[in-house]
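What follows is each chain in one-letter form.
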Amino acid sequence: MQASEAAPEENQIAFAFMSDSEPRPPRPGTANAQTLSGSVHEPGAIPVIAASMAAGALVLALVALPAREPMLLTLLAILAMLGAFAIFGYIAGHIRIGERVRDEDLVRAFANCLDDGLLVTRRDGRPLYANRALADMVGMTAAGEIKALESLFASDPRAAAAYFRLERAASRREPWREEIEIAGEGGPAQLFRVAQRPCNVPGHDRELGPLSLWTVTDVTAERARQVSAVATLEATLERLDGIPAGLMEVDSHGVVRRLNATLLRWLGLEPQNLSHRALKLADIVTPEGAEQIAGAAAAFYTTGQGVEIDVSIDKGAEVPLRFFARRDAEGGLLVAAFRREADAAEDGPADAEVRFARFFQSSPFGIATVGADGRLVSTNPAFARMIPDGAAAVGSSAADVLCRFADADTRSAVDTALRQALAGTVSAAPIEITVGTDNESRRLYLAPLTQAKEAREAAILYLIDATEQKALEAKFAQSSKMEAVGKLAGGIAHDFNNVLTAIIGFSDLLLQTHRPTDPAYKDIKNIQSSATRAAGLVAKLLAFSRRQTLQAEPLQLDEELAEWSSVVKRSVGEKIELRIPPARDLWYVKTDRTQLEHVILNLANNARDAMPDGGTLIISTRNVTERESQKLGLHGMPVGEYVLVEVSDTGTGMPPEVMARIFDPFFTTKGVGKGTGLGLSTVYGIVKQSGGFIYPESVPGQGTTFRIYLPRHMPGSEGEPVGQKAARKGRPQDLTGSGRVLLVEDEDVVRSFAVRALKRQGYEVFEASTGVEALEVMAQHNDRIDIVVSDVVMPEMDGPTLLKELRKKNPDLKIIFVSGYPHEAFETSLDKNEQFAFLPKPFSLPQLAAKVKEQLGR
């Protein structure tokens with residue numbers, strides 16, 4: 001709204017906002033639709049004026065020309081006729097020149113059409129404008145002026161307080177709203193919704209100042225309709241509370257909106273308890289039961305069948321109910337429940353039906369009945385749980401439900417078995433099917449119920465979850481295969497170690513008798529190098545069979561990885577980005593440092609081969625708490641505290657068929673001559689021998705991750721020095737010594753090499769081929785023997801038994817065991833605190849001499 005520009009004084013400005021109670025002279029034609037434009041001329045005025053001016057100019061031109069009287073007279077006649085028509089049109093009101101509707105008239109007309117009262121006030125509360133509806137609400141004074149708005153609420157203290165809050169908000173320039181009830185004079189009370197908000201008139205802020213717009217709405221009739229609707233709803237709900245059926249409304253999120261009194265009583269719930277928590281459908285029935293009710297809603301308009309569910313809630317008692325449901329317009333559920341419990345004193349068909357319903361619903365395996373048309377008639381909660389995505393809806397084709405993810409052969413087998421069951425033939429053999437995108441395994445059994453044509457249920461099927469069983473079977477088969485191959489590899493490796501010990505040992509003896517310039521020196525060196533390489537392969541076999549010798553020590557893996565990072569980087573090359581994020585407060589583990597380094601390098605090399613065009617290799621570590629290991633639920637790994645080593649790459653990944661065989665010995669996907677197939681087998685064996693667990697995960701095209709869980713070790717718990725790396729002592733330079741050594745070895749070539757090696761270093765050596773023979777030698781030279789070097793596995797008497805016999809007469813005698821198996825393999829047959837040294841086979845001359853000198857200390 002804007003005031004007239006011709007009247008800037010206050011009384012003239014106020015004139016634009018005056019009430020319509022002041023009479024104003026009517027203008028002709030104001031009701032015409034064409035007069036609603038506020039600033040344009042009437043459509044007929046401009047053409048008439050333009051035509052008149054053009055005609056006048058033409059007349060003047062013609063007057064100046066001679067011999068134009070006939071044409072001039074014709075034009076004058078036409079103009080006279082047009083003028084006559086224009087005069088009559090103006091008198092009739094069809095043509096207006098220069099007339100327009102003022103803005104304040106438009107605003108006043110629109111405001112008076114409203115049912116709500118409008119009031120515009122200044123900052124100090126003085127009114128500037130009020131429409132006709134407000135005048136009708138508050139009334140008029142004797143002088144013909146509108147009463148103040150506050151007079152409407154002054155008679156009621158509560159109404160006056162509400163109006164005071166509105167005025168206070170208006171003085172603060174804050175919007176406010178109140179519903180104010182005032183007592184009627186001899187009639188019902190009236191309810192007004194009063195609201196005010198600040199406003200202003202652009203361009204007139206100086207003259208008018210800040211304004212407030214008030215709206216007053218009489219909502220008495222609206223509130224009466226609401227009260228009537230609530231009363232009707234309460235009466236309806238009261239009637240529903242008394243019917244012998246449970247009623248429930250559930251929203252699309254599974255939250256129960258309301259229940260009737262009957263269902264509350266059956267469930268043992270108190271109405272006041274529901275106001276303190278959001279009750280869900282899954283709180284009343286199991287999640288599987290909720291899925292069944294949703295399935296019944298989906299099939300409501302096709303089959304109209306309900307589902308039987310045993311319900312147990314706050315008081316713990318089970319209530320057998322039959323549920324019927326349908327969807328509402330918002331995606332929620334309207335549920336009706338009927339009690340199916342028979343009289344306890346009776347033992348008739350109804351009681352048997354209740355017992356069967358309970359068995360059907362509480363069964364831990366899936367049960368479904370099938371009609372003669374091959375469609376599902378009823379399903380229990382376990383069946384709904386075993387068929388994912390809610391596909392097991394009543395009324396669906398049983399074959400389609402069971403074979404959604406099956407191949408053609410499985411579909412054919414299910415169709416055949418289903419036809420046989422519907423025909424009355426029992427199928428004894430179960431059918432293995434897969435369901436879901438995760439290919440979970442299910443075992444299906446079918447059996448006939450009846451062949452009567454009028455029967456609703458013609459066959460029954462049972463579904464058992466075999467996913468875990470199949471996984472256990474696969475794991476057991478893999479474990480048995482690995483164990484068998486490991487035993488074979490371990491046995492072969494032990495025999496090879498004796499042969500390799502002799503080859504390496506005699507090579508050392510020959511090298512000591514030949515100069516590097518001798519023609520045979522290079523040949524002997526090649527023999528030794530080949531034997532050492534063969535010893536490495538045997539070590540891998542022993543690692544796979546978990547029978548290699550580990551020099552375990554407490555390690556902090558973050559420190560070790562920092563040391564190995566340069567070696568790993570050289571191994572993977574420049575194309576691959578290596579990341580080893582630091583770990584804080586990492587726990588100790590106890591394992592062989594060298595073997596663990598071998599594990600990391602092997603996995604890094606595999607990652608390099610999987611990223612020929614470059615990529616990222618991440619080696620990370622972190623602690624895994626006991627609670628976290630329990631949540632992981634990894635197969636075969638007991639709950640406990642672990643340190644996790646995770647090796648991840650962004651390579652090509654591996655398909656499932658390769659993943660199933662990656663730990664098999666001699667299995668490789670590399671070309672001929674590029675791999676032995678023992679890399680990951682060795683990794684598996686080292687991790688297992690260290691008491692850890694390894695789990696691979698790979699996605700083709702995305703990469704592979706190996707997760708190694710090593711048990712946490714408490715440093716100092718076994719008396720070992722924390723932080724010392726005893727296994728990395730330097731080899732003594734001088735290998736000569738003195739003393740008397742008893743050498744016990746059943747392999748002649750190994751014993752011959754060892755005897756010669758020790759004698760060349762200055763020792764006096766006594767030899768024996770068995771444990772019994774060693775006891776005889778000790779009986780003859782008991783006081784002269786300083787140390788015994790003995791094999792572990794020997795005929796007649798093994799090494800541990802020999803040690804026990806020697807301890808009876810010489811408890812301080814030093815002994816070194818040599819074996820191709822780790823010392824843990826025979827430690828259990830010795831006393832708990834027995835002291836001995838150990839040297840793994842195959843060993844070289846320097847290693848044997850160094851170990852003897854180390855034990856004798858001279």
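Just so you know, these numbers come straight off a predicted model, no measurement behind them.

Q: What should I look at first to understand helix 16 (residues 408-422) in this one?
A: Every α-helical turn comprises 3.6 residues, leaving residues that sit three or four positions apart pointing alike. The terminal C-alpha atoms of helix 16 lie 21 Å apart, and with 15 residues this matches the ideal 21 Å at 1.5 Å per residue to within 8%. Where helix 16 is buried, its residues contact strand 11 (366-370), helix 15 (398-402), strand 13 (431-435), strand 14 (440-448) and strand 15 (459-465).

Q: Explain the pattern of salt bridges here, please?
A: Oppositely charged side chains may form a pair once their charged atoms are brought near each other. Counted by the stated rule, this structure contains 28 salt bridges. Of the charged contacts in the structure, one is a salt bridge between Asp 415 and Arg 411, with a shortest N-O distance of 3.2 Å. You can see Asp 415 and its partner Arg 411 sitting in helix 16, four residues apart, about one turn around the helix. Given a relative accessible area of 23%, Asp 415 falls into the partly exposed group.

Q: So what exactly am I meant to see when it comes to helix 6 (residues 157-171) here?
A: Along its 15 residues, helix 6 runs 21 Å from first to last C-alpha, staying within 8% of the 21 Å computed at 1.5 Å per residue. For helix 6, the set of buried residues is Ala 159, Ala 162, Tyr 163, Leu 166, Ala 169 and Ala 170. For helix 6, the arc enclosing every buried residue in end-on projection is 115°, short of the 170-degree limit, so these residues lie on one face. In the core, the buried residues of helix 6 are packed alongside strand 3 (176-182), strand 4 (190-199) and strand 5 (211-218). Measuring from the side-chain oxygen of the N-cap residue of helix 6 to the backbone nitrogen of Arg 158 gives 3.0 Å; that N-cap residue is Asp 156.

Q: For this particular structure, what's the right way to read a nonpolar patch on the surface?
A: A cluster of nonpolar residues, Ile 78, Met 81, Leu 82 and Phe 85, forms a patch on the protein surface that exposes about 420 Å² of accessible area. Relative to the elements of secondary structure, Ile 78 occurs in helix 3 (residues 69-92). On the accessibility criterion, Ile 78 (40% relative accessible area) is partly exposed.

Q: What am I meant to see in the sheet that holds strand 12 (residues 376-379) here?
A: Within a sheet, adjacent strands bond to each other through the backbone by hydrogen bonds, running parallel or antiparallel. Taken in spatial order, the five strands of this open sheet run 12-11-15-14-13, and their pairing is antiparallel. Across the chains shown, the open sheet's two edge strands, defined by having one partner strand only, are strand 12 and strand 13. Sheet twist, expressed as the mean angle between neighbouring strand axes with direction ignored, is 30°. Bridge analysis of strand 11 against strand 15 gives five bridges, and the strand direction is antiparallel.

Q: Even after reading the chapter, I still don't get the side chain of Ser 698, so can you show me in this structure?
A: With respect to the helices and strands, Ser 698 occurs in strand 21 (residues 693-699). Residue Ser 698 is classed as buried on the basis of its relative accessible area, which comes to 15%. At 2.7 Å, the side chain of Ser 698 forms a polar contact with the backbone nitrogen of Met 654. In this structure the side chain of Ser 698 is engaged in a polar contact, spanning 3.3 Å, whose partner is the backbone oxygen of Gly 703. Not counting residues within four places of it along the chain, the set of residues in contact with Ser 698 comprises Gly 653, Met 654, Met 659, Gly 703 and Thr 704.

Q: When you look at the sheet that holds strand 1 (residues 117-121) in this model, what are you seeing that I'm missing?
A: Reading across from one edge, 2-1-5-4-3 is the order of the five strands in this open sheet, with antiparallel pairing throughout. The sheet is open, and its two borders are formed by strand 2 (127-130) and strand 3, each paired with just one other strand. Going across the sheet, the axis of each strand differs from the next one's by a mean of 20°, ignoring polarity. Relative to strand 4, strand 3 is paired through seven bridges, and the arrangement is antiparallel. Note on strand 4: the bridge partner recorded for Glu 181 is Leu 191. This element, helix 6, spans strand 3, strand 4 and strand 5 of the sheet and lies at about 160° to strand 3.

Q: When you look at unusual backbone geometry in this model, what are you seeing that I'm missing?
A: Peptide bonds are, in most cases, trans, and in most cases residues other than glycine have a negative phi. The omega torsion across Lys 841 and Pro 842 is -5°, close enough to zero to call that bond cis. Looking at the element boundaries, Pro 842 is found in the loop between strand 27 (837-840) and helix 28 (845-856). Its identity as a non-glycine residue notwithstanding, Asp 585 has a phi of 55°, on the positive side. With respect to the helices and strands, Asp 585 occurs in the loop between strand 17 (576-579) and strand 18 (588-592).

Q: For this particular structure, what's the right way to read the confidence of the model for the protein?
A: It should be kept in mind that the predicted coordinates are not to be read in detail where pLDDT is low. Put simply, the protein has an average pLDDT of 77, and 76% of its residues get 70 or more. When the criterion is pLDDT under 50, residues 342-346 qualifies, and its contacts beyond four places in sequence or with other chains add up to four contacts.

Each value, and the rule that gives it
- Residues numbered from 1 in each chain as written.
- Predicted model: local features only at pLDDT ≥ 70, side-chain atom pairs only at ≥ 80, totals over all residues.
- Heavy atoms only, no water.
- Helix = DSSP H or I, 4+ residues; strand = E, 2+ residues; numbered from the N terminus.
- Expected span 1.5 Å × (residues − 1).
- Contact = heavy atoms within 4.5 Å.
- Salt bridge = Lys/Arg side-chain N within 4 Å of Asp/Glu carboxyl O.
- Buried < 20%, exposed > 50% of the residue type's maximum accessible area, 1.4 Å probe, protein only.
- Arc of directions from axis to C-beta.
- Polar contact = N/O pair within 3.5 Å; in protein donor to acceptor, adjacent residues only side chain to side chain.
- Patch = residues over 30% accessible without salt bridge, like charges linked within 9 Å, V, L, I, M, F, W, Y side chains within 5 Å.
- Areas by Shrake-Rupley, 256 points an atom, 1.4 Å probe, with all protein chains shown as cover.
- Pairing = 2+ DSSP bridges.
- Axes fitted to C-alpha atoms, helices over the stretch in contact; angles between N-to-C directions.
- pLDDT = per-residue confidence, 0-100.

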